[in-house]
Amino acid sequence: MGAKPFHLGLFLQGSSVQAWGEPWTGRIGETWMVPEFFVDVARALERACFDYVLLEDSSYVGESYAGSREIYLRNGIAVPRQDPSVVATLMIASTSRIGIVPTFATFAYHPYLLARLMATLDQVSSGRAGWNMVTGSSDYAARNFGLDGMPEHDLRYEMADEYMEVVNQLWDSWEPGAIVADKVGGVLIDHTKVRQIDFRGKYYASRGPLNSGPAPQGRPVIAQAGGSPRGRRFAATHADTIVASIKGADRMRGYRDDVRAHMQAQGRDPDRCKVLFLVQPIIAATREDALELKARRAKRVLEQADRRLAFLGKLTNIDFAQFDLDAPVADLTTNGHQQTLDDFKRKAAGKTLREAIAAYNSDGGSVDLAGSPDEVAAQMEEAMQQAGGDGFLLTLPDLTRRSIAEVEDGLVPALQRRGLVRSAYTYKQFRDNLLEF
Ligand SMILES: Cc1cc2nc3c(=O)[nH]c(=O)nc-3n(C[C@H](O)[C@H](O)[C@H](O)COP(=O)(O)O)c2cc1C
């Protein structure tokens, strides 16, 4: 490869019904419950040599629009949603090289349970497990776990810092070489290399050692998406890969520079964390077809303003049904996803709520990508040159076998021809492939 290649991941919106109501979904309304679709996605993207599939998650039924669950249930917005650990396991079982990254929220999983679960996933995948590390942000989700609500935004990150300390200590509670498996001597494990941790912090406590045994990668690959200043600091401390939804090449560059500066300040090598920017490419046979598709999508977004606002409300804990769609956007604050709301507010300047959500949902993510496979490949190359990032996390507005084929058989070969992505995995383990370039 000539130019420095970049990394690719897929953002899978939960183990959930995908693209409900859209063409090309087959019988998704009935077949979402069984794993073939998710397994097909993982296998296709492994053939395309993606670094990873990230399985997004939340653990509640949306209720942020008009104080009702109706719009979420009627339209299958992030519901039904299966436990990502199960689907991740099935994806692992049907692949051999790609990284599989389920999401688990720190408020929902005790650190011991999480450390054990992730070590197990890393073991059964022979070192291909990642963890999308989120704090959770919804009071509805908190209430499903018997809490009154979520802690305040920055406090969540402070708690998560301590959480990371516990899980890292648990993963380190087995020293390298602890498993001797000496048949002749009759020793399976060297007991001197397995230690309790006796962690007692402000928010969490755990005695250890971890009973699952060690993770092949030492610890799973950690993915994180902190966008706020506090979130960025957190991600810079812990993440192996950051997934960022940052709009525009200048801001992308600024974001990555900021994260890298934080890493340097903490004594971490900035090259040990790969920043992938969220993009939503529109790929078609020709540029004209892609632009037509883009226009059709923009029209559909406008028609579905309430659904799109319901989804945004789920992320930001704001009930947008209280506002007039055709009035200017009110001044908004959130204890939910701050970066998301900031991006929306930037788009909303001088627009009505309807126009704002249409504009927010119609752009292509961090950069606009639309055209033939080769044109989109060229646009990605240019964006990486301008922003200096490490790659892209693709999100497909209609995730179907058809759109996955457009990526596997159209976009990726075009990227490979330009030497921009890998054509074969070099290593067996996920982190090694991620840090290769
Ligand atoms: C690409 C991407 C994926 C995310 N996946 C999840 C997820 O699966 N579950 C979740 O609760 N939050 C998820 N988030 C939200 C982040 O964890 C975080 O709350 C959000 O980026 C806002 O961070 P901030 O409040 O520091 O700005 C994701 C964010 C991004 C950009």
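Just above sits the structure.
For the structure given in this document, a descriptive report is provided here.

In terms of regular secondary structure, the chain is built from 16 helices and 14 strands. In summary, the chain has a C-alpha radius of gyration of 22 Å against a globular reference of 22 Å for 437 residues, a match within 12%. For the C-alpha atoms alone, the extent of the chain along its principal axes is close to 75 × 55 × 50 Å. Evaluated residue by residue, the chain yields a buried proportion of 54% over its 437 residues. Summed over all atoms, the accessible surface of the chain reaches about 18700 Å², with 51% contributed by carbon and sulfur. Side chains of the chain give 51 positive and 56 negative charges; the mean places of these two sets differ by 2 Å.

This next bit is on the site of the ligand. If you check the shell around the ligand, you find 20 residues, and the closest are Asp-57, His-153, Tyr-157, Ala-225 and Ser-228. Between Tyr-157 and the ligand, the recorded distance is 2.7 Å, taken from a side-chain N or O atom to an oxygen atom. A distance of 3.0 Å is found between an oxygen atom of the ligand and a backbone nitrogen or oxygen belonging to Gln-339. In isolation the ligand offers 620 Å² of accessible surface; the protein chains occlude 90% of this area. For the shell around the ligand, the residue count by class is six nonpolar, twelve polar and two charged.

Quick look at the nonpolar core now. Soluble globular proteins tend to bury their nonpolar side chains together. Judged by nonpolar contacts, the single largest core of 92 residues is most densely connected at Leu-10, Trp-131 and Phe-392. At nine residues, helix α7 (residues 153-171) tops the list of elements feeding residues into this core. Each residue touching Phe-392, except ones within four places of it in the same chain, is listed here: Phe-6, His-7, Leu-8, Gly-9, Leu-276, Phe-277, Val-279, Val-367, Met-380, Ala-383 and Met-384. Counting residues in hydrophobic clusters, the runner-up holds 19 residues, among them Leu-332, Phe-344, Ile-357 and Tyr-360.

Burial analysis of strand β3 (residues 99-105) places seven of its seven residues in the buried class, the great majority of the element. Where burial is concerned, the two faces of β3 agree: the one with Gly-99, Val-101, Thr-103 and Ala-105 and the one with Ile-100, Pro-102 and Phe-104 are both buried. Both strand β2 (residues 52-55) and β3 contribute to a ladder of four bridges, which runs parallel. Looking at β3, one finds that Leu-54 is bridged to Val-101. Relative to strand β4 (residues 130-134), β3 is paired through three bridges, and the arrangement is parallel. The residue bridging Thr-103 from the neighbouring strand is Asn-132, located in β4.

Parameters and conventions
- Residues numbered from 1 in each chain as written.
- Predicted model: local features only at pLDDT ≥ 70, side-chain atom pairs only at ≥ 80, totals over all residues.
- Heavy atoms only, no water.
- Helix = DSSP H or I, 4+ residues; strand = E, 2+ residues; numbered from the N terminus.
- Rg over C-alpha atoms; globule rule 2.2 N^0.38 Å.
- Buried < 20%, exposed > 50% of the residue type's maximum accessible area, 1.4 Å probe, protein only.
- Areas by Shrake-Rupley, 256 points an atom, 1.4 Å probe, with all protein chains shown as cover.
- Lys, Arg positive; Asp, Glu negative; His and termini not counted.
- Charge placed at Lys NZ, Arg CZ, Asp CG, Glu CD.
- Near = heavy atom within 4 Å.
- Polar contact = N/O pair within 3.5 Å; in protein donor to acceptor, adjacent residues only side chain to side chain.
- Nonpolar A, V, L, I, M, F, W, Y, C, P; charged D, E, K, R; others polar.
- Core = buried A, V, L, I, M, F, W, Y, C linked by side-chain atoms within 4.5 Å.
- Contact = heavy atoms within 4.5 Å.
- Pairing = 2+ DSSP bridges.

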